[in-house]
Every structure is written in structure tokens, then in C-alpha cells.
Amino acid sequence: MTYFERYFERLDGSDPHSSLELVADDVEFSIQWAAGDDRRSSQFLGGREELRGFIDAGDTEGWAHHVVWTATQGDVEFALGETRRDESGEHIGTFLAVAQLGDDGRMRRYMVARTPALTFPSTAVEASDAGSA
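These lines cover the structure that appears in this document, whether it is placed above or below. (Residues numbered from 1 in each chain as written. Predicted model: local features only at pLDDT ≥ 70, side-chain atom pairs only at ≥ 80, totals over all residues. Heavy atoms only, no water.)

Things to note about a negative patch on the surface
Right, on to step 1. A surface patch of like charges, here negative, comprises Asp-59, Glu-61, Asp-86 and Glu-87.
Right, on to step 2. Positionally, Glu-87 belongs in the loop between strand S4 (76-85) and strand S5 (91-101).
Right, on to step 3. On the accessibility criterion, Glu-87 (82% relative accessible area) is exposed. (Patch = residues over 30% accessible without salt bridge, like charges linked within 9 Å, V, L, I, M, F, W, Y side chains within 5 Å. Areas by Shrake-Rupley, 256 points an atom, 1.4 Å probe, with all protein chains shown as cover. Salt bridge = Lys/Arg side-chain N within 4 Å of Asp/Glu carboxyl O. Lys, Arg positive; Asp, Glu negative; His and termini not counted. Charge placed at Lys NZ, Arg CZ, Asp CG, Glu CD. Helix = DSSP H or I, 4+ residues; strand = E, 2+ residues; numbered from the N terminus. Buried < 20%, exposed > 50% of the residue type's maximum accessible area, 1.4 Å probe, protein only.)

Shown next as C-alpha cells:
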């Protein structure tokens, strides 16, 4: 299981704060968040406490992250994924995430961009055929 598969499994689980166990105390992050398919997005920056606040502000009921592709180069992992509705599997958004991992395997740097305006259909089909992560 890749880092992002473990991280999002915890984030989407019954205790989203358990995902913070996979995050270094000195983490730095940038989340680029587009809620619609217009040109507007928001940026969320910070450290561990701001990431906790982002988790607290989110409504994760009825949907989950699905990692459909990952790659690792040294201490950096990349993931392409989708958020999908639990019941229907309907696409909500596409995300691209990158993390630099420390020697202990915890995330030290994190950047993610998310948009509902773009999909990668061939990747989604492959993920459906193989089962979701």
C-alpha cells in the first residue's frame, strides 16, 4: 500500500485525525482547492495545526478519495486520484498530490491541487476494472 493510499484511507475513515499520525510535526503544505469548474480556486497553507483545521472544516460523509495512479522517486511520492460518491461512484473531483516523506515515512512537505472540472477517463476506467484504492 502506498503512502497516499494509507493517508487517504485514514482521512476518509471513522477517525480522520488518525491521518495526522502519518504527518511530521514540522509539515508544510499547500492545498489548491477549486470548488467549481470556473477559474476560481483557494489556497490553504500552513503546518500541522492548519492541516488539522482543514480536516475539521471538511465534510467527508458520503464520499471518499480514490488513488488511481502513484509514482515514487526517492523520498517523493505522487498520486493522481478522484473523489467519488460512496453510493453511486459519481466523480466529484480530480486531485494531484505530492508528498516529500521523512526518514520515518511521515509526510514533511505536501502539495495538492483539486478540481471538479477535469477528469482522466482512461485512468478512471483502469481503476474501476482493478477495484478502487
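Having seen the structure, we can now continue with the description.
Some points on the pairing of S5
Right, on to step 1. The buried fraction of S5 is high, at eight of eleven residues.
Right, on to step 2. Bridging between S4 and S5 involves nine bridges; their strand directions are antiparallel. Looking at S5, one finds that Thr-83 is bridged to Gly-93.
Right, on to step 3. Between S4 and S5, which follow one another and run antiparallel, lie five residues, and Gly-89 among them has a positive phi close to 75°.
Right, on to step 4. Judged from the eight bridges that link them, S5 and strand S6 (residues 107-115) form a sheet pairing that is antiparallel. (Pairing = 2+ DSSP bridges.)

Brief notes about the nonpolar core
Right, on to step 1. Counting residues in each nonpolar core, the largest one holds 22 residues, and the members touching the most others are Tyr-3, Phe-4, Tyr-7, Phe-8, Val-23, Met-107 and Tyr-110.
Right, on to step 2. Element by element, the count of residues in this core is highest for helix H1 (residues 3-12), at five residues.
Right, on to step 3. In contact with Tyr-110, other than residues within four places in its own chain, are Phe-4, Tyr-7, Phe-8, Glu-28, Phe-29, Ser-30, Ala-97 and Val-98. (Core = buried A, V, L, I, M, F, W, Y, C linked by side-chain atoms within 4.5 Å. Contact = heavy atoms within 4.5 Å.)

Side note on the sheet that holds strand S3 (residues 63-73)
Right, on to step 1. In space, the six strands of this open sheet follow the order S2-S1-S6-S5-S4-S3, with mixed pairing throughout. Strand pairing shows two members of the sheet lacking a second neighbour, strand S2 (42-46) and S3, which therefore form its edges. Strand-to-strand twist across the sheet, computed as the mean angle between neighbouring axes with direction ignored, equals 15°.
Right, on to step 2. Across ten bridges, S3 lies against S4 in antiparallel orientation. (Axes fitted to C-alpha atoms, helices over the stretch in contact; angles between N-to-C directions.)

What about the pattern of salt bridges?
Right, on to step 1. On inspection of all chains with the given rule, the structure shows ten salt bridges.
Right, on to step 2. Note that Asp-26 is salt-bridged to Arg-108, the shortest N-O span being 2.9 Å. Taken together, the positions of Asp-26 in strand S1 (residues 23-33) and Arg-108 in strand S6 put the pair 82 residues apart, joining distant regions of the chain.
Right, on to step 3. Classification of Arg-108 as partly exposed rests on a relative accessible area of 26%.
Right, on to step 4. Between Arg-40 and Asp-38 there is a salt bridge, and its shortest N-O distance comes to 3.0 Å.

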